[in-house]
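Inside the fold
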Amino acid sequence: MKNTINFETCSKCGECADVCPSDIILKSDDGNYFFPEELEYLCVKCCQCMAVCPTNSVKVNGFEYGKDVIDLQHDIPDYQHFVNLLATRRSVRNFKDKEVPDELIQKIIDSLAFMPFGFESGVIQITVVNNRKKLRESLPLFSAFYDKMVDWMANPISHFFMKRAMHPAMYATVKDHLLPIIKSGHYKLESGDDNILRNAPCMLIFHSRLNAPEHLEDCWIATTIAMFSAITLGLGSTIIGLVPPALNKGKGIKEVFAIPEENEVISALILGYPKYKMKKTVNRPKNNINWLK
Ligand SMILES: Cc1cc2nc3c(=O)[nH]c(=O)nc-3n(C[C@H](O)[C@H](O)[C@H](O)COP(=O)(O)O)c2cc1C
Ligand code: SF4
Ligand code: SF4
């Protein structure tokens, strides 16, 4: 199968050739737009050619009008409504004693179909743990992992190797932020408190094959979109940065969540119905913006 243009329906407007980021739609001497076969390997399957065509004349291999390339809805939020949604998002760490219906989680996952991706779509794998009991049962593994981290950091030899293996930002987070919290006993389970997974009813774990191109970026984009989708469905969420290192480096934790050993876990999002309704938001200091004109 190849990419094709239907010459009979094509109005020769040239928009497909103009939008193609790979410049692989050419115009022949007789004015027809076509895909040269020898350039097809450069197609990134963005489907912008199909989306822009006013006569549905383009066919990208593997994509069909009506199924994969679908009509747009035009009732999108304006700027203020979008900002209102952003301002509504807060990390939710207290959940109602109410389970999340699978259908809502499916809706969150469906919304990810429209996200940008770095190289190829579908490199992300999402493990849905919609089971409060299972999450609760996994807590001792997380707690033990972080207890061990204190020992590793205290030992000059393992400390040296950890520092060498970690990204400088990760090392700083562990040393300056995480270690004092672990040492304070915050993640201990004896009190009955769960300061790791916050007694959430559900968790989404985003992971990927280690060698999948741009998977880290794609997982973070998906996590961010999932947070906002959740709000529109009446749910709250929090990114749990404690989860990926424990799954990636802790013995046997991936197995508990049926995550392939060779996969890298990038992010995790706990989900549930918020117990409290926030009456205010925080307008935080802006990032450091440098306008060059
Ligand atoms: C990469 C990342 C990791 C995070 N890890 C945790 C975590 O392990 N536990 C937690 O309670 N919150 C975690 N958070 C949530 C942040 O603490 C929170 O987003 C931040 O304090 C701002 O508060 P807000 O989300 O309520 O606006 C994480 C957020 C990010 C972006
Ligand atoms: S799918 Fe994208 S890259 Fe491929 S021909 Fe169409 S516009 Fe060009
Ligand atoms: S966008 Fe459609 S109608 Fe226009 S030149 Fe391309 S195939 Fe033809």
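Residues numbered from 1 in each chain as written. Chains lettered and ligands numbered in written order. Predicted model: local features only at pLDDT ≥ 70, side-chain atom pairs only at ≥ 80, totals over all residues. Heavy atoms only, no water.

Describing the site of ligand 2
- Ligand 2 sits among Cys 20, Pro 21, Ser 22, Ile 24, Phe 35, Cys 43, Val 44, Lys 45, Cys 46, Cys 47, Cys 49 and Val 60.
- Taken together, the residues of the shell around ligand 2 break down into 10 nonpolar, one polar and one charged. (Near = heavy atom within 4 Å. Nonpolar A, V, L, I, M, F, W, Y, C, P; charged D, E, K, R; others polar.)

Re the packing of helix α5 (residues 132-154) against helix α7 (residues 168-183)
- Between α5 and α7, whose axes approach to 10 Å, the crossing angle comes to 120°. Judged by the sense of rotation from one axis to the other, the crossing of α5 with α7 is left-handed. Residues Tyr 146, Asp 147, Met 149, Val 150 and Met 153 of α5 form the contact with α7, whose own contacting residues are Tyr 171, Val 174, Lys 175, Leu 178, Leu 179, Ile 182 and Lys 183.
- A class-by-class count of the residues in the contact of α5 with α7 yields nine nonpolar, no polar and three charged. (Axes fitted to C-alpha atoms, helices over the stretch in contact; angles between N-to-C directions. Helix = DSSP H or I, 4+ residues; strand = E, 2+ residues; numbered from the N terminus. Left-handed = near helix turned anticlockwise from the far one by under 90°. Contact = heavy atoms within 4.5 Å.)

Re the domain arrangement of the chain
- Taken as a whole, the chain is organised into domain 1 (4-59) and domain 2 (75-293).
- Distance between the C-alpha centres of domain 1 and domain 2: 41 Å. (Domains from an automatic or database assignment.)

Remarks on the nonpolar core
- Core analysis: the biggest nonpolar cluster contains 35 residues, and Phe 142, Met 149, Leu 197, Met 203, Leu 247 and Phe 257 have the highest contact counts within it.
- Discounting residues that sit within four places of it in the chain, Phe 257 has contacts with Thr 127, Val 129, Leu 135, Ser 138, Phe 142, Met 203, Ile 205 and Leu 247.
- Ile 108, Ala 230, Leu 235 and Leu 269 belong to the second-largest nonpolar core, a separate cluster that totals 20 residues. (Core = buried A, V, L, I, M, F, W, Y, C linked by side-chain atoms within 4.5 Å. Buried < 20%, exposed > 50% of the residue type's maximum accessible area, 1.4 Å probe, protein only.)

Looking at the site of ligand 1
- Within the structure, ligand 1 sits among Arg 89, Arg 90, Ser 91, Arg 93, Arg 198, Trp 220, Thr 238, Ile 239, Ile 240, Gly 241, Leu 242 and Arg 284.
- Between Ser 91 and ligand 1, the recorded distance is 2.6 Å, taken from a side-chain N or O atom to an oxygen atom.
- Backbone polar atom of Ile 239 to a nitrogen atom of ligand 1: 3.2 Å apart, as the coordinates give it.
- Here ligand 1 has 610 Å² of accessible area as a free molecule, and 62% of this is covered by the chains.
- The residue makeup of the shell around ligand 1, split by class, is four nonpolar, three polar and five charged. (Polar contact = N/O pair within 3.5 Å; in protein donor to acceptor, adjacent residues only side chain to side chain. Areas by Shrake-Rupley, 256 points an atom, 1.4 Å probe, with all protein chains shown as cover.)

Describing the side chain of Asn 263
- Along the polypeptide, Asn 263 turns up in strand β8 (residues 263-272).
- Leave out the neighbours within four places in its chain, and Asn 263 touches Gln 125, His 207, Ser 208, Arg 209, Asn 248 and Lys 254.

Describing the sheet that holds β8
- The sheet built from four strands is open, its strands ordered β5-β6-β8-β7 with antiparallel pairing. Each edge of the open sheet is held by one strand with a lone partner, namely β5 (125-129) and β7 (236-239). The mean inter-strand angle of the sheet, taken between neighbouring strand axes irrespective of direction, is 25°.
- The pairing of β5 with strand β6 (residues 202-209) spans five bridges and is antiparallel. Looking across to β6, one finds that Val 128 is bridged to Leu 204.
- The sheet strands contacting helix α4 (residues 102-111) are β5, β6 and β8, and the helix crosses β6 at an angle near 35°. (Pairing = 2+ DSSP bridges.)

Some details on the side chain of Ser 229
- Residue position: Ser 229 is located in helix α8 (residues 215-232).
- In contact with Ser 229, other than residues within four places in its own chain, are Ile 108 and Ser 111.

Remarks on the environment of Ile 240
- Checked against the element boundaries, Ile 240 lands in the loop between β7 and α9 (243-249).
- Judged by relative accessible area, which is 6%, Ile 240 ranks as buried.
- Separated by 42 residues in the primary sequence, Ile 240 and Arg 198 place their C-alpha atoms 9.5 Å from one another.
- Ignoring any residue separated from it by four or fewer positions in sequence, one finds Ile 240 in contact with Ile 196, Leu 197, Ala 268 and Ile 270.

Quick look at a nonpolar patch on the surface
- Taken together, the side chains of Ile 157, Phe 160 and Phe 161 present a nonpolar region at the surface, about 330 Å² in accessible area.
- One can find Phe 161 in helix α6 (residues 156-165). (Patch = residues over 30% accessible without salt bridge, like charges linked within 9 Å, V, L, I, M, F, W, Y side chains within 5 Å. Salt bridge = Lys/Arg side-chain N within 4 Å of Asp/Glu carboxyl O.)

Some points on the packing of aromatic side chains
- Per the stated rule, a full pass over the model turns up five aromatic pairs.
- With 5.7 Å between their ring centres and 75° between their planes, Phe 145 and Trp 152 make a pair best called edge-to-face.
- Residue classification places Phe 145 among the buried residues on the basis of a relative accessible area of 5%.
- Residue class for Trp 152 comes out partly exposed when judged on its relative accessible area of 29%.
- Centroid distance Tyr 146 to Tyr 187: 6.3 Å. Interplanar angle 50°. Geometry classified as tilted. Here Tyr 146 is found in helix α5, whereas its partner Tyr 187 is found in the loop between α7 and β6, with 41 residues between them in sequence.
- By relative accessible area, Tyr 146 is classed as buried at 2%.
- Judged by its relative accessible area of 10%, Tyr 187 is buried.
- Every member of this aromatic cluster is reached through a ring pair, and the members are Phe 145, Tyr 146, Trp 152 and Tyr 187.
- Positioned above the aromatic ring of Tyr 273, the side-chain terminus of Lys 98 is 4.0 Å from the ring centre. (Phe/Tyr/Trp six-rings, centres within 6.5 Å; stacked < 30°, edge-to-face > 60°. Lys NZ or Arg CZ within 6 Å of the ring centre and 35° of its normal.)

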